[in-house]
Amino acid sequence: MCEIFGVSSKDEQYLSEYIRKFYSHSNEHPDGWGLAILDGNEAMIEKEPVQASKSLYLKHRLSQPVYARNAFAHIRYATIGNVEYCNCHPYSMKDHSGRRWTLVHNGTIFEYDPLNKYSRVQTGDTDSERILLYLVEQMDHYADKLGRVPDAGERFRCLDAIVGELSVENKLNILLYDAENMYVHTNYKDSLYYLVQEGSILFCTRPLSEESWQPVPFTTLLAYHGGKQVYTGTNHGNEYFDNEENLKMLYQIFSGL
């Protein structure tokens, strides 16, 4: 599976050492890398469909310090989608109000029919891109229903309901940023951790240091702003378990059968 990294902070944080450690895992996840520096409605995204440890561009990029208040990083192990630029994370797009949404995903959507239609319009062919397209369209529908742009609490409640449905029998570890808050969700045990520091919180698929990383609360959507938790969703209880049928499906997709 892929690995994801994120940070939410009150002030700019020096992230270079954590990011270098994160990308050092790319020997196990060789199918692309991505980095997003997120500042309000702006997202500076850099990515390549090459192994992070072999990327000359990334080596040059990380020779300079990386500072950010909000950031995502991703290394890809391709299960659904070819190894090409359009299938690298992060994904980013704007809703009808102009709000930018940015997502990284670790997992697989095995069955969720509402995502199927996006295969005709997405730029690549990953289920992760389809997740973002679906989330943004649902947010647009919600705004139309309200007759106005939803506020932060309303956006969270809308996302909480969507994530509860989308996580049924699917592996859904996501980090999502909406130009204001960062949303975090995991439903696969021991696959997402957090580290609290002064004024910030970091998230990663596995601990990046000997510091006091803790498992992210399970099967519950969380939201953070400036390094602090601001919303807690409903515990939907939809834990994902590997099973023979899903593993067989992934093998068939990966081997091109």
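Since this is a predicted model, take the numbers as computed values, not measurements. (Residues numbered from 1 in each chain as written. Predicted model: local features only at pLDDT ≥ 70, side-chain atom pairs only at ≥ 80, totals over all residues. Heavy atoms only, no water.)

Caption draft 1: Expanded view of the overall build of the protein chain. When helices and strands are tallied, the protein chain shows five helices and 13 strands. Against the compact-globule benchmark of 18 Å for 257 residues, the protein chain has a radius of gyration of 17 Å, which places it among compact chains. In terms of its C-alpha atoms, the protein chain occupies a principal-axis envelope of roughly 50 × 50 × 30 Å. Out of the 257 residues in the protein chain, the part that is buried amounts to 54%. Considering only contacts within the protein chain whose residues lie at least 6 apart along the sequence, 67% involve residues at least 24 apart. Accessible surface, the protein chain: about 11,900 Å² in total, of which carbon and sulfur atoms supply 49%. Charge centroids of the protein chain, computed over 24 positive and 35 negative side chains, lie 3 Å from each other. (Helix = DSSP H or I, 4+ residues; strand = E, 2+ residues; numbered from the N terminus. Rg over C-alpha atoms; globule rule 2.2 N^0.38 Å. Buried < 20%, exposed > 50% of the residue type's maximum accessible area, 1.4 Å probe, protein only. Contact = heavy atoms within 4.5 Å. Areas by Shrake-Rupley, 256 points an atom, 1.4 Å probe, with all protein chains shown as cover. Lys, Arg positive; Asp, Glu negative; His and termini not counted. Charge placed at Lys NZ, Arg CZ, Asp CG, Glu CD.)

Caption draft 2: Examining the sheet that holds strand S13 (residues 228-232) more closely. Taken together, the six strands give an open sheet; going across it, the order is S5-S6-S7-S8-S12-S13, and neighbouring strands pair in antiparallel fashion. Either end of the sheet is taken by a strand with one partner, and the two such strands are strand S5 (91-94) and S13. Within the sheet, the average angular offset between the axes of one strand and its neighbour, ignoring direction, is 25°. Note that strand S7 (residues 171-177) and strand S8 (residues 182-185) share four bridges and pair antiparallel. In the sheet register, Leu176 faces S8, and the bridge partner there is Tyr183. (Pairing = 2+ DSSP bridges. Axes fitted to C-alpha atoms, helices over the stretch in contact; angles between N-to-C directions.)

Caption draft 3: Fine view of unusual backbone geometry. Cis geometry is adopted by the peptide bond preceding Pro90, which originates at His89 and carries an omega value of 0°. With respect to the element layout, Pro90 can be found in the loop between strand S4 (67-75) and S5. The backbone of Glu169 shows a phi angle near 60°, a positive value even though the residue is not glycine. By relative accessible area, which is 63% here, Glu169 ends up exposed. One non-glycine residue with positive phi stands out, namely Ala179, at about 75°. Inspection of the secondary structure puts Ala179 in the loop between S7 and S8.

Caption draft 4: View of the packing of helix H3 (residues 127-146) against helix H4 (residues 152-166). Look at H3 against H4: their axes get within 11 Å of each other, and the N-to-C directions meet at 135°. With respect to H4, the axis of H3 lies oblique. Considering the relative orientation of H3 and H4, their crossing is right-handed. Across from Ile131, Tyr134, Leu135, Gln138, Met139, Tyr142 and Leu146 in H3, the residues of H4 making contact are Glu154, Arg155, Cys158, Leu159, Ile162, Glu165 and Leu166. (Parallel < 35°, antiparallel > 145°, perpendicular 65-115°, else oblique. Left-handed = near helix turned anticlockwise from the far one by under 90°.)

Caption draft 5: Main features of the pairing of S4. The element S4 is largely enclosed, with a buried count of seven among its nine residues. Where strand S1 (residues 3-14) lies against S4, eight bridges are found, and the strand directions are antiparallel. Within S4, the position partnered with Tyr14 by the bridge is Tyr67.

Caption draft 6: Structural view of the state of the cysteines. Per the counting criterion, the structure on display carries zero disulfides. For Cys2, which is in no disulfide, the shortest distance to another cysteine sulfur is to Cys88 and amounts to 9.7 Å. Considering cysteine sulfurs only, Cys2 is the nearest to Cys204, which forms no disulfide, with 13 Å between them. Using a relative accessible area of 0% as the deciding quantity, one classes Cys204 as buried. (Disulfide = S-S within 2.5 Å.)

Caption draft 7: Summary view of the sheet that holds strand S3 (residues 42-48). On the basis of which strands lie adjacent, the open sheet formed by seven strands has the order S3-S2-S4-S1-S10-S9-S11 and antiparallel pairing. Because the sheet does not close on itself, it has two edges, and the strands there are S3 and strand S11 (214-215). Where helix H1 (residues 16-23) meets the sheet, it contacts S1, strand S2 (33-39), S4, strand S9 (193-197) and strand S10 (200-204), and its direction lies at approximately 175° from that of S1.

Caption draft 8: Structural view of the pattern of salt bridges. In the structure shown here, the tally under the stated rule is 10 salt bridges. Arg69 is paired through a salt bridge with Asp39; the nearest N and O atoms lie 3.2 Å apart. Of this pair, Arg69 sits in strand S4 while Asp39 sits in strand S2, and the two are 30 residues apart along the sequence. Taking the relative accessible area as the measure of exposure, Asp39 reaches 47% and is therefore partly exposed. Arg155 is the salt-bridge partner of Asp178, the closest N and O atoms lying 2.8 Å from each other. Highlighted residues: Asp178 in the loop between S7 and S8 and Arg155 in helix H4, separated in sequence by 23 residues. For Arg155, a relative accessible area of 2% puts it in the buried group. Salt bridges sharing partners connect three or more residues here, namely Arg99, Arg155, Asp178 and Glu180. (Salt bridge = Lys/Arg side-chain N within 4 Å of Asp/Glu carboxyl O.)

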